[in-house]
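Structure assessment
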Amino acid sequence: MTPTAVTPQSIQHAAALLHQGKLVAIPTETVYGLGADASNPDAVAKIFLAKGRPADHPLIVHLAYARQIKDWAINVPEVAWRLADEFWPGPLTMILQKKASVPMAVTGGQNTIALRVPNNAVALWLLREFGGGIAAPSANRFGRISPTLATHVIEELGDAVDCILDGGPCAVGVESTIIDLTDSQPTILRPGRISRSQLEAVLQTPVAIKSQHKIRAPGMLAAHYAPNTPAFLCTTDTLLALLDQQRSHGKRVGVLAFSTELSQLTCQHLLNLPAQADNYEAALYCALRELDKLQLDSILVEKPPEQEDWMAVNDRLNKATI
Ligand code: TXA
Ligand code: MG
């Protein structure tokens, strides 16, 4: 399997594959998705098989236009339209009450549905050409690091996917913010690029953040987004101490650092994502994947600051590490 360059023909071909119930990997602004026709339960079942994902974990349905919300959800609150106006296309997923016609395979048996309009030209082109909703989880094996390049999808899924559209690197690089609008108070189920304060500014009401939601969300599982190499999240001081200790035992150790304090560290396998850069999110999964490929004994990850703009990164690192 090689990634397919984006042309009018390859988009038409990918849309035809989706209509035939096949799987197409799609670039989005967050991560690559493993897409299938959301109205076709057999096609959706293939997603779970390819990923090795338990069947009760619901999928996000991707749409070309906000007005298509009505094809998938009922009792849509006014705030959903406001959020769509403000943030779509973009990295925000809304949980709403599902329409009876939506296959249970998509929602993992729940009566709610996750919807989003991605902000990626290739994804939007395919969605328009296809016409319907595309169910797409991140295009990685269950529990692994999400793909932010077409080649990552090949590493993860190989020939289990019928076509991989190559849209280059994902601009945002971490999965969308998920907001549940089915409760009386809007609740963030998964942090992402769109922050709580951005959401509160639009909604003019407090937004809760739930780490353990009553609805099962795989992004909420303790071990997720994880490299195969044991990875440890630690403060700068602990990291330095552990590095010394591990090296003195002859271990091969990688370091993923965020502070300028560690930028001069002498370590053969150091990746430093500068705290000042605004693209550290986009570089995160690539960095973890790169270190994982080196088959080291361990990866030491420096704990980023506890600030709102680091929330998504902290969330993913907490789940990727021990
Ligand atoms: O950025 C993204 O959201 C990417 C791209 C491809 O769009 N997709 C993605 O999908 O991250 P996935 O399947 O890896 O994560 C979807 C998350 C899961 O945590 C899932 O449990 C949650 O969305 N989810 C989906 N439907 C839900 C529902 N009805 N209620 C609660 N959580 C839901
Ligand atoms: Mg995922």
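Quick caveat, the model's predicted, so the values are computed rather than measured.

Describing the UniProt feature "binding site: ATP" (unreviewed entry) in the protein chain
- Within this numbering scheme, the UniProt entry marks R53, T112, S138, S146, R190 and Y225 as carrying the feature "binding site: ATP" (unreviewed entry). Taken together, the annotated residues stretch across 173 residues and extend over separate regions, lying up to 24.1 Å apart by C-alpha.
- Mapped onto the elements of the fold, T112 is located in strand 7 (residues 112-116).
- Examined against the element boundaries, S146 turns out to sit in the loop between strand 8 (134-135) and helix 7 (150-157).
- In this structure, S146 is in contact with V31, S138, N140, E175, Y225, Y285 and R289, ignoring residues within four places of it in sequence.

Remarks on the packing of helix 10 (residues 280-293) against helix 11 (residues 311-320)
- Remark: helix 10 packs on helix 11, axes separated minimally by 10 Å, with the N-to-C direction vectors making an angle of 15 degrees. Accordingly, the angle class assigned to the pair helix 10 and helix 11 is roughly parallel. With respect to the hand of their crossing, helix 10 and helix 11 are arranged in right-handed fashion. In this structure, helix 10 contributes Y280, E281, L284, Y285 and L288 to the contact, and helix 11 contributes A312, V313, R316, L317 and A320.
- Residues belonging to the contact of helix 10 with helix 11 are distributed by class as follows: eight nonpolar, no polar and two charged.

Points about empty space enclosed by the protein
- For the structure shown, the criterion picks out two cavities of 30 Å³ or more.
- Estimates place the volume of the second largest cavity at around 40 Å³.

Describing the sheet that holds strand 13 (residues 231-234)
- Taken in spatial order, the four strands of this open sheet run 13-16-14-15, and their pairing is parallel. Both outer strands of the open sheet, strand 13 and strand 15 (269-272), are each paired with one neighbouring strand and no more. Across the sheet, the mean angle from the axis of one strand to that of its neighbour is 15 degrees, orientation sign disregarded.
- Where strand 14 (residues 253-257) and strand 15 come together, four bridges link them in parallel fashion. If you follow V255 over to strand 15, its bridge partner there is L270.
- Most of the contacts of helix 10 go to strand 14, to which it runs at about 170 degrees, and overall it touches strand 14, strand 15 and strand 16 (298-302).

Some details on the environment of Y280
- Here Y280 lies in helix 10.
- As a C-alpha pair, Y280 and V172 span 108 residues in sequence and 9.3 Å in three-dimensional space.

Examining the layout of surface pockets
- Taken as a whole, the second largest pocket holds about 180 Å³ of empty space.
- At the level of secondary structure, the elements contributing two or more residues to the lining of the second largest pocket comprise helix 8 (196-203), helix 10 and helix 11.
- Of the residues in the lining of the second largest pocket, the class split is six nonpolar, three polar and six charged.
- Both domains that furnish three or more residues to the lining of the second largest pocket are identified here as domain 1 (4-209) and domain 2 (231-320).

Here's the deal with the side chain of H152
- Along the chain, H152 turns up in helix 7.
- Sequence-distant contacts of H152, that is, excluding residues within four places in its chain, are made with P147, C286 and R289.

Considerations on the pattern of salt bridges
- Inspection of the entire model under this criterion finds 13 salt bridges.
- Where K293 meets E155, a salt bridge forms, and the shortest distance between an N and an O atom there is 3.1 Å. In this pair, K293 is assigned in helix 10 and E155 in helix 7, connecting sequence segments 138 residues apart.
- Looking at K293, the relative accessible area reads 54%, which means it is exposed.
- On the basis of relative accessibility, which here comes to 41%, the residue E155 falls in the partly exposed class.
- Several salt bridges converge on common partners, so that one network encompasses R144, E155, E156, R289, D292 and K293.

What counts, and at which threshold
Residues numbered from 1 in each chain as written. Chains lettered and ligands numbered in written order. Predicted model: local features only at pLDDT ≥ 70, side-chain atom pairs only at ≥ 80, totals over all residues. Heavy atoms only, no water. UniProt positions renumbered as here; feature names shortened; annotations may be inferred. Helix = DSSP H or I, 4+ residues; strand = E, 2+ residues; numbered from the N terminus. Contact = heavy atoms within 4.5 Å. Axes fitted to C-alpha atoms, helices over the stretch in contact; angles between N-to-C directions. Parallel < 35°, antiparallel > 145°, perpendicular 65-115°, else oblique. Left-handed = near helix turned anticlockwise from the far one by under 90°. Nonpolar A, V, L, I, M, F, W, Y, C, P; charged D, E, K, R; others polar. 1 Å grid on protein atoms, 1.4 Å probe; cavity = no way out; pocket = protein on both sides within 12 Å on 5 of 7 lines; lining within 4 Å. Points joined across faces, edges and corners; volume = space filled by probe spheres on them. Pairing = 2+ DSSP bridges. Domains from an automatic or database assignment. Salt bridge = Lys/Arg side-chain N within 4 Å of Asp/Glu carboxyl O. Buried < 20%, exposed > 50% of the residue type's maximum accessible area, 1.4 Å probe, protein only.

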